[in-house]
Number of protein chains: 2
Amino acid sequence: MLSIAEENYIKRLVYLSLENGAGDGVGTNELATGLQVKPSTANDMLKKLRQKELIDYEKYGKIHLTELGTKIGMEIIRKHRLWETFLYEKLEFTWDEVHEVAEQLEHIQSEKLVEKLDKFLGFPKFDPHGDPIPNQAGEMQLLAKKMLAAVNVGEQCKMVAVKDNSAVFLNYVVELGLGINNQIEVLSKQDFDDSMEIRINGKTNRVSKKFAQNIYVIAD
Amino acid sequence: MLSIAEENYIKRLVYLSLENGAGDGVGTNELATGLQVKPSTANDMLKKLRQKELIDYEKYGKIHLTELGTKIGMEIIRKHRLWETFLYEKLEFTWDEVHEVAEQLEHIQSEKLVEKLDKFLGFPKFDPHGDPIPNQAGEMQLLAKKMLAAVNVGEQCKMVAVKDNSAVFLNYVVELGLGINNQIEVLSKQDFDDSMEIRINGKTNRVSKKFAQNIYVIAD
DNA sequence: TAATAAAGTTAGTTTAATCTAACTTTTAAT
DNA sequence: ATTAAAAGTTAGATTAAACTAACTTTATTA
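Keep in mind it's a predicted model, so treat the numbers as computed, not measured. (Residues numbered from 1 in each chain as written. Chains lettered and ligands numbered in written order. Predicted model: local features only at pLDDT ≥ 70, side-chain atom pairs only at ≥ 80, totals over all residues. Heavy atoms only, no water.)

Caption draft 1: Molecular detail of the protein's contact with DNA strand D. Near DNA strand D, the surroundings consist of 21 residues, among which N29(A), N43(A), S3(B), T41(B) and K48(B) are the closest. In this structure, a phosphate oxygen belonging to DNA strand D sits 2.8 Å away from a side-chain N or O atom of K47(A). The set of elements that each furnish at least two residues to the surface near DNA strand D consists of α2 (28-35) and α3 (39-51) of chain A together with α1 (4-20) and α3 (39-51) of chain B. Of all the elements, α3(B) adds the most residues to the surface near DNA strand D, at five residues. Split into classes, the residues belonging to the surface near DNA strand D amount to seven nonpolar, eight polar and six charged. (Near = heavy atom within 4 Å. Polar contact = N/O pair within 3.5 Å; in protein donor to acceptor, adjacent residues only side chain to side chain. Helix = DSSP H or I, 4+ residues; strand = E, 2+ residues; numbered from the N terminus. Nonpolar A, V, L, I, M, F, W, Y, C, P; charged D, E, K, R; others polar.)

The following block contains the structure:
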């Protein structure tokens with residue numbers, strides 16, 4: 001069984017592998033930064049994880065998760081997202097509060113707990129941030145998510161997730177009356193600063209480029 | 001903030017203090033045995049906990065929790081029993097499965113989580129084992145749980161827990177129409193074999209001494 | 001009450017996860 | 001193509017929580 005520290009390294013590796021795309025692999029410094037540890041610390045842990053056959057890499061080379069490592073990582077993400085859903089749906093936590101507590105809950109070891117929780121929540125497919133929840137086999141729906149900034153004038157879309165999970169950003173989102181699965185229509189764009197006018201539930205707002213680059217949508 | 005190890009020592013000290021009664025204090029070996037560590041390990045931790053003013057003791061003397069130590073201990077027990085209740089009531093865990101998982105969940109740090117969970121469960125006063133759940137202030141109903149076998153003829157009581165968790169026993173309990181919080185009236189006792197006649201929901205049954213020694217009740 | 005057992009303590013070691021500082025390899029830029 | 005910067009590694013130190021072995025104090029009992 002893995003320690004909490006080991007689980008955190010594996011989880012971060014899954015996220016970074018997805019971000020970097022395809023078989024690009026992950027770097028030591030990148031990983032260390034993401035975990036807020038020094039590269040030397042990450043390096044030590046990487047040796048241990050390779051020993052346990054959860055990752056694969058050569059000295060000075062990129063890190064890749066093995067099949068086993070990926071499976072374990074997906075389980076942790078599954079737990080994280082199920083707990084986020086629980087906190088949001090059942091305990092009235094807000095969007096920005098769920099993450100921190102889920103970071104702790106994701107390390108609880110009990111297969112039965114995860115499956116019962118999943119059932120209790122009605123087998124949700126997405127968490128409150130709109131991110132897909134992996135199933136028991138570690139598979140998850142990849143929805144063709146894109147940035148709001150990439151939507152053309154006159155088109156409609158549906159918000160599915162946010163990129164930035166900070167409290168300041170999420171508060172702003174809520175203030176705009178925007179939530180998961182809400183429709184957004186792009187009314188106009190300014191070439192000068194890439195700000196855009198959008199309509200949410202009949203209400204029109206102007207949002208910045210930075211904002212539009214932190215909202216994930218799907219075509220609608 | 002306390003580490004999981006520190007929390008486990010404090011929790012065990014609360015239980016042992018209650019068991020030993022009044023101001024008797026707890027011994028190092030007793031504590032070490034309860035936590036499945038060596039006395040020397042416990043001794044080191046005790047120094048740290050004294051440093052943090054959670055306990056009070058002199059070299060070679062008995063250990064007493066301070067007011068702060070007791071408060072923290074009761075919070076951990078509160079969390080443990082709320083989680084047990086959650087697992088039992090909401091996730092269909094059985095009586096004997098809840099403890100192990102609650103041992104992990106009790107260490108999650110989030111005041112909001114505890115209070116929201118309490119509310120979600122409808123502010124329960126007892127956990128699935130019939131043990132009282134401390135309130136936010138750390139106070140709990142001290143119910144003098146006793147064996148059904150110890151109830152006098154003519155008295156009424158309420159079942160709060162079972163001692164034996166075996167399937168054969170639990171099946172028998174169910175067959176008798178007995179469940180948690182059910183009233184039981186002791187109608188008569190046979191001095192010969194200590195069997196007793198009891199009334200459950202208007203139905204009268206004769207049960208053995210062995211049975212009566214495996215049902216916990218409180219006066220009613 | 002003296003001897004022995006039980007309880008408690010100390011000193012020194014181990015392991016996991018972190019750090020700093022110094023070093024090596026790879027990558028990028030002039 | 002050299003060299004400087006970035007990325008990655010190694011060595012040695014630290015802290016928390018555990019251990020063993022040896023020791024001291026307190027309690028028991030013959």
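Caption draft 2: A look at the protein's contact with DNA strand C. In the neighbourhood of DNA strand C, 22 residues make up the surrounding shell, with S3(A), T41(A), K48(A), N43(B) and K47(B) lying closest. What you see for DNA strand C is that sugar and phosphate hold 73% of its atoms within 4 Å of the protein. K38(A) places a main-chain nitrogen or oxygen 3.0 Å from a phosphate oxygen of DNA strand C. If you list the elements that add at least two residues to the surface near DNA strand C, you get α1 (4-20) and α3 of chain A together with α2 (28-35) and α3 of chain B. It is α3(A) that contributes the most residues to the surface near DNA strand C, five residues altogether. Residues that form the surface near DNA strand C fall into these classes: eight nonpolar, eight polar and six charged.

Caption draft 3: Summary view of α2(A). All names here are of chain A. Within the span of α2, buried status applies to L31, A32 and L35. Down the axis of α2, the buried side of the element spans an arc of 100 degrees, and every buried residue falls inside it. Each element contacted by the buried residues of α2 is listed here: α1 and α3. The first or second residue beyond α2 is Q36, which carries a positive phi of 60 degrees. (Buried < 20%, exposed > 50% of the residue type's maximum accessible area, 1.4 Å probe, protein only. Arc of directions from axis to C-beta. Contact = heavy atoms within 4.5 Å.)

Caption draft 4: Molecular detail of the sheet that holds strand β8 (residues 215-219) of chain B. All names here are of chain B. One open sheet accounts for six strands, arranged β3-β8-β4-β5-β6-β7; its pairing is antiparallel. Looking at which strands have only one partner, the edges of the open sheet turn out to be β3 (146-147) and β7 (203-207). Strand direction decides the pairing type here: strand β6 (residues 196-200) and β7, joined by five bridges, are antiparallel. Residue pairing in the sheet places M196 in a bridge with V207 of β7. Relative to the sheet, helix α7 (residues 167-175) contacts β4 (156-162), β7 and β8, its axis offset from that of β4 by approximately 145 degrees. (Pairing = 2+ DSSP bridges. Axes fitted to C-alpha atoms, helices over the stretch in contact; angles between N-to-C directions.)

Caption draft 5: Molecular detail of the interface of chain B and chain A. Each partner contributes to the interface: chain B provides 21 residues, whereas chain A provides 21 residues. Of the roughly 1,800 Å² buried where chain B meets chain A, counting both sides, 68% is carbon and sulfur surface. The interface formed by chain B and chain A contains six salt bridges. When the shortest N-O distance is used, the salt bridge between K116(B) and E92(A) registers 3.5 Å. Connecting chain B to chain A are eight residue pairs in polar contact (both at pLDDT 80 or more). Mapped onto the side of chain B that touches chain A, the elements with two or more residues apiece are α4 (67-89), α5 (98-105) and α6 (111-120) of chain B. A total of six residues in the side of chain B that touches chain A trace back to one element, the largest contributor, which is α6(B). Tallied by class, the residues present in the side of chain B that touches chain A amount to 11 nonpolar, four polar and six charged. (Buried area = accessible area lost by both parts, 1.4 Å probe. Salt bridge = Lys/Arg side-chain N within 4 Å of Asp/Glu carboxyl O.)

Caption draft 6: Up close: the relation of the copies chain B and chain A. With an RMSD of 2.4 Å, the operation that places chain B on chain A is a rotation of 177 degrees combined with a shift of 0.5 Å along the axis. Expressed as a symmetry operation, the mapping of one chain copy onto the other fits a two-fold axis. Of the C-alpha atoms belonging to chain B, the one lying closest to the rotation axis is found on L105(B), 3.7 Å away. Take the interface residues of chain B: 100% of them recur as interface residues in chain A, which is what a same-surface contact looks like. (Least-squares fit on C-alpha atoms with pLDDT ≥ 70 in both.)

Caption draft 7: Quick look at the packing of aromatic side chains. Under the counting rule described, the total for this entry stands at 11 aromatic pairs over all chains. Ring geometry for F86(A) against F86(B): centres 5.2 Å apart, planes inclined by 50 degrees, an arrangement best described as tilted. Taken together, the positions of F86(A) in helix α4 (residues 67-89) and F86(B) in helix α4 put the pair across two chains. What makes F86(B) buried here is its relative accessible area of 0%. Seen in terms of ring centroids, W83(B) and F86(B) are 5.6 Å apart; in terms of plane orientation they differ by 80 degrees. Their pairing is edge-to-face. Taken together, the positions of W83(B) and F86(B), both in helix α4 and three residues apart, correspond to about one turn of that helix. Grouping aromatic residues by their ring pairs yields a cluster made of W83(A), F86(A), F120(A), W83(B), F86(B) and F120(B). Taking the ring centre of F93(B) as reference, the NZ or CZ of K112(A) above it sits at 5.3 Å. Over the face of the ring belonging to Y216(B) we find K145(B), whose NZ or CZ atom lies 4.5 Å from the ring centre. (Phe/Tyr/Trp six-rings, centres within 6.5 Å; stacked < 30°, edge-to-face > 60°. Lys NZ or Arg CZ within 6 Å of the ring centre and 35° of its normal.)

Caption draft 8: A look at the layout of surface pockets. All names here are of chain A. Considering only enclosed or pocket space, the largest pocket measures out at about 1,000 Å³ in volume. Forming the walls of the largest pocket are 29 residues, and the residues nearest its centre are Y15, E19, R81, D131 and K145. Contributions of two or more residues to the lining of the largest pocket are made by α1, α2, α4 and α5 (98-105). With seven residues, the top contributor of residues to the lining of the largest pocket is α1. Each residue belonging to the lining of the largest pocket can be placed in one class, and the counts come to 11 nonpolar, eight polar and 10 charged. (1 Å grid on protein atoms, 1.4 Å probe; cavity = no way out; pocket = protein on both sides within 12 Å on 5 of 7 lines; lining within 4 Å. Points joined across faces, edges and corners; volume = space filled by probe spheres on them.)

Caption draft 9: Structural context of empty space enclosed by the protein. Residue and element names in this part refer to chain A. This structure, assessed with the given rule, holds one cavity of 30 Å³ or more. Considering only enclosed or pocket space, the largest cavity measures out at about 40 Å³ in volume. In this structure, the largest cavity is lined by K79, W83, L105, I108, S110, L113, V114 and L117. Sort the elements by how many residues they give to the lining of the largest cavity and helix α6 (residues 111-120) lands first, with three residues. When grouped by side-chain class, the residues that make up the lining of the largest cavity number six nonpolar, one polar and one charged.

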